[in-house]
Every structure is written in structure tokens, then in C-alpha cells.
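# Reading the structure
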Amino acid sequence: MQILQRSGFLWAVAAMLLAGSTGARAADYAHVSETSVNATVPLFGALTLTDTVVQDGANPINRFTMHRLRKTSGSVRGVILLLPSLGNNFRSYLFSDNGDMTTSFAATFAWLGYEVWGYSSRETGILTGACGGALDCSPALHWSMQTIVDDVGYIRSRIAATTPGESVVVGGLSLGALSALAVVNQSPGAYNGLLAWEGSLVTDDAAIRAHNLPYCSQFSNLVAAGIAVDDQSLPFVKTVAELARTAPNAPFAIPVPGFPPGLTNRQAFVLILSTPNPVAPSPRPGFITAVGNVGTGSLQYSSSARLTANIALFNDVTSNRVGRDFYCSLAGVETAYSNNLKAFTAPVMIVKAGQGFGSIMDELPGKLGSTSVRSIGVEAYAHVDHLGSPLHWFALELPILHWLEQAVN
């Protein structure tokens, strides 16, 4: 492992020089630290992962991590900027069943010559119970969708400085797709492609808007009451996933209102994934995370090893202001992050799961200005089944690669 430390002052000067076309407040950003790790695979070569901690302003809590995964040698074929799903971070694109980063989703594209950049949001690294205790989390009341847009704009400026002239595709899973839409809504000319994987900010469906309106109000009220983050939901899901992994047949001993009695740990895990809204809100009626059978404790399309490995990487907290922004967007109350989508005309790749965002994804092409839209999906899949499938390379990575090769590059 190679560790690199660089002066925050020097990085701040560099950030000032790079302020401009992306719309990010680059002068406010300073690099706090940087680490690089090399991973070598015989016959394939080596990958380098560089993680850079970036601080926005004077308050240390206002920091995020910028990631860059690339093949150590060879030419660059383009850049993919991946944004994380809700409660997750860039590690969600680096995980694999066996813990080997070199076989991950991100590594698939890095091996093929694409630079894969990523973003881990400001919530990453904040532990359950820290807010209101040792840590002042009041700045998180202002961590909105616009904060993500600004942070990603800064990363885009670093990509432009590091690999000038290369095509850049932005996107991700779930909140990663929602965030990418907000990004291209603000800077439609800065990106050469959009990967909208099971996530959208817009719908004209009256029933779906009505479904999201109570959540819009709920999160708006939390922010108004000064409650910046949720630090309970994700740790609960992480705990249940770990119990399902280590003691699948043991009785589920956590009392949860609405959960049927007599569940095993494995059944409780499947219940959370495959039942609409057992723990948290959802973007539409009938939304589920992964298709499963609670009675048998089995997942139909996803590998439990893949999903538990992914869930183990979750953050502990989520921003209530971000929750407000995306639920209010889907309720039709908030339009600031989708009012300019017609200006985005670059190629688009849509990944849809019928039991996930479902029909919301069908509406998306009509909201964009692009005439080059490719959609893939499986109606029987739920929200994360593309990611969790043992056949993910054929259902996900390969179609995305074909799109990059044919439509973007």
C-alpha cells in the first residue's frame, strides 16, 4: 500500500485555480488527505485506487471523499463518474462476493481502460449516536441535493484537469441516479452520458405523487425541527443482514412493531428486502428492494452473499434534507432539480426493475432532451436485483459496456 499525504494549503490553491465551468464553488474546497492503493492481478496488470478527502469551508464535518480507480498503464477510453445509492458510498461499487476489489462493478470498467471516479457523501464515516453527542451535526441540516450537485461539480473539475478532453458519463444506482439527474439538470453540457440505474426525480403519475407527498411532509418536518440525520434505520438493516449471514436459522430476537413472531434471522432479512415499506419509505406503491420468499427465507434473483456484502458497507446515517429533496421531487412539490432536464441531450442508459422504480423509469425518456436513450430491465426484478444477481455481469455490466462503446465513445 502506498500512502500519499499532500498539503491542504497547496490543494486549496489548486482548487481555486480550477474554479469555473462546472458551477461548483471550487474556491471553498481544499484537499485534506490522499491515499493510494495498488492491486495487481497476474496477466491483467494493476489497478490504482486513490481516495481524496475534500473539505468544504472551515467546518471539518463538511467533507466528502473523491475516488479515482484506474488501470495503472494503458490509454484512457473515457471516464465514468459513479454516485452512491441512499445510505451508501463509493465502496458499493467496489464490493464483490469474495471481498476482492479487482472483481467489482467499478473494476470491470477500469480493467477495460475506463477511469472510474466516485463520490462518497458527507455522511460517510459519521457513526450512530455521534450527532448530538461528540459531534455537532447541525451543518447537516443544509446537506441537500444541491450539496451533492456542488460536490460532484468539484469532482468534475478535477476530472477535467486530470484527463482533459475525455468523455465523462455520470450516474449510479438509486439515489446515485437521482443525484446524477440533478447534476445534469444544472450542468447539462458538462457530461457526455447519463446512467440512470433504478432512480428518477420526476413522475406525472398522480398516484405515485400522492404516495410520496406524506414522505415529503415527514422529512420537511424533521428538517424544520432541527433533526439533521437518521442514524437508526441503516444500522438496524446492517445488524439484521449480519445476523442473517452469521446465524441464519437462529430466532430473530429484535422486537420490531409489525414484524410477525417466530421469524429466523434469515426470514427477517428477507422480510425487510421483499416486503413493501417494512422499515423505510419508498418511491412508489409496491416498491420492494429484492424479490424473496419470507416463509422459506430465500431470495429469488439475488445472491444473499452479494447483498450482505454490500449492506455491510452502508453508512450509519442519512441526511434528512436529502430525503426531503427527493421525496418532494417525486411528489411534484420540488422542481429545482429537474426543471432543466430537457437541456440534457447526450446519450442515456436506463436500467429498470419492474418491482423497483418500475413505471417511474418508463417516464424518464420523455423528461430528457436526449434522442439517444437505451433502456434495459427485467420486470420481475426488484430494486437491487440487477446488482445482487449472480448473473450481474450479463444483466448489468455487459449491457452498460455495450452502451458506452456504441453510444458514448
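Please read all numbers here as calculations on a predicted model, not as lab measurements. (Residues numbered from 1 in each chain as written. Predicted model: local features only at pLDDT ≥ 70, side-chain atom pairs only at ≥ 80, totals over all residues. Heavy atoms only, no water.)

Secondary structure summary: the protein chain contains 12 helices and 14 strands in total. For 409 residues, the compact-globule estimate of 2.2 N^0.38 gives 22 Å, and the protein chain sits close to it at 20 Å. Projected onto the principal axes, the alpha-carbon positions of the protein chain cover approximately 60 × 55 × 45 Å. Every one of the 409 residues in the protein chain was classed for burial, and the buried ones make up 57%. The long-range share in the protein chain, meaning contacts at least 24 apart out of those at least 6 apart in sequence, stands at 74%. With 23 positive and 27 negative side-chain charges, the protein chain shows a separation of 4 Å between the mean positions of the two kinds. (Helix = DSSP H or I, 4+ residues; strand = E, 2+ residues; numbered from the N terminus. Rg over C-alpha atoms; globule rule 2.2 N^0.38 Å. Buried < 20%, exposed > 50% of the residue type's maximum accessible area, 1.4 Å probe, protein only. Contact = heavy atoms within 4.5 Å. Lys, Arg positive; Asp, Glu negative; His and termini not counted. Charge placed at Lys NZ, Arg CZ, Asp CG, Glu CD.)

This paragraph deals with helix H10 (residues 359–367). When we look at burial in H10, the residues that qualify are Ile-360, Met-361, Glu-363, Leu-364 and Lys-367. On an axial view of H10, the arc spanned by its buried residues comes to 155 degrees, and they lie on one face. (Arc of directions from axis to C-beta.)

The next point concerns the nonpolar core. Residues Leu-69, Phe-109, Trp-197, Phe-269 and Leu-404 are the most contacted members of the largest nonpolar core, which totals 55 residues. Sequence-distant contacts of Phe-269, that is, excluding residues within four places in its chain, are made with Val-240, Ala-241, Ala-244, Leu-299, Leu-307, Thr-308 and Ile-311. Counting residues in each nonpolar core, the second largest holds 51 residues, with Leu-83, Leu-178, Ala-190 and Ala-346 among its members. (Core = buried A, V, L, I, M, F, W, Y, C linked by side-chain atoms within 4.5 Å.)

Under the defined criterion, the tally for this structure stands at 2 disulfides. There is a disulfide in this structure between Cys-131 and Cys-137, and the S-S distance comes to 2.0 Å. Disulfide Cys-131-Cys-137: torsion about the S-S bond near -75 degrees, hence left-handed. Since its relative accessible area comes to 19%, Cys-131 is described here as buried. By relative accessible area, Cys-137 is classed as buried at 8%. By sequence order of its bonded cysteines, the protein chain has the disulfide arrangement 1-2, 3-4. (Disulfide = S-S within 2.5 Å.)

What follows is about the environment of Ala-224. Relative to the helices and strands, Ala-224 resides in helix H5 (residues 206–224). Through-space distance from the C-alpha of Ala-224 to that of Arg-321 is 9.6 Å; in sequence the pair is 97 residues apart.

Here we come to the environment of Gln-406. Structurally, Gln-406 is set in helix H12 (residues 392–408). Here Gln-406 falls in the exposed class, since its relative accessible area comes to 57%. For Gln-406, the side chain forms a polar contact with the side chain of Arg-374, separated by 3.1 Å. (Polar contact = N/O pair within 3.5 Å; in protein donor to acceptor, adjacent residues only side chain to side chain.)

Before going further, it helps to examine the packing of H5 against helix H9 (residues 320–330). Angle between the axes and distance between the axes are the two parameters that describe a pair of packed helices. At a minimum axis distance of 7 Å, the contact between H5 and H9 shows a crossing angle of 155 degrees. Relative to H9, H5 is oriented roughly antiparallel. Seen along the crossing, H5 lies across H9 with a hand that is left-handed. Residue-level inspection shows Ile-208, Arg-209, Asn-212, Tyr-215, Cys-216, Phe-219, Ser-220, Leu-222 and Val-223 of H5 in contact with H9, the latter providing Asn-320, Arg-321, Gly-323, Arg-324, Tyr-327, Cys-328 and Leu-330. Looking at the contact of H5 with H9 residue by residue, the classes come out as 9 nonpolar, 4 polar and 3 charged. (Axes fitted to C-alpha atoms, helices over the stretch in contact; angles between N-to-C directions. Parallel < 35°, antiparallel > 145°, perpendicular 65-115°, else oblique. Left-handed = near helix turned anticlockwise from the far one by under 90°. Nonpolar A, V, L, I, M, F, W, Y, C, P; charged D, E, K, R; others polar.)

With that out of the way, let us pick up the confidence of the model for the protein chain. Predicted confidence across the protein chain gives a mean pLDDT of 92, with 93% of residues reaching 70 or more. Per-residue pLDDT stays below 50 along residues 1–24; that stretch engages in 45 contacts with residues further than four places along the chain or on separate chains. (pLDDT = per-residue confidence, 0-100.)

Overall, the coordinates contain 5 cavities of 30 Å³ or more when judged by the stated rule. Lining the largest cavity are 16 residues, and of these Ser-85, Gly-87, Ser-121, Glu-123 and Leu-175 sit closest to its centre. Secondary-structure elements contributing two or more residues to the lining of the largest cavity are helix H4 (175–186) and strand S12 (318–319). Across the lining of the largest cavity, the residue classes tally to 7 nonpolar, 8 polar and 1 charged. (1 Å grid on protein atoms, 1.4 Å probe; cavity = no way out; pocket = protein on both sides within 12 Å on 5 of 7 lines; lining within 4 Å. Points joined across faces, edges and corners; volume = space filled by probe spheres on them.)

Position of Ser-338 relative to the elements: it lies in the loop between H9 and strand S13 (348–353). By relative accessible area, which is 15% here, Ser-338 ends up buried. Non-local contacts of Ser-338, meaning those with residues more than four positions away in its chain, are made with Asn-185 and Val-202.

This part covers the layout of surface pockets. In this structure, the second largest pocket encloses a volume near 290 Å³. Looking at the second largest pocket, it is lined by 23 residues, and the ones nearest its centre are Ser-121, Glu-123, Thr-124, Gly-125 and Ile-126. No other element matches the 4 residues that strand S4 (residues 63–71) contributes to the lining of the second largest pocket. Here the lining of the second largest pocket is built from residues that sort into 9 nonpolar, 8 polar and 6 charged.

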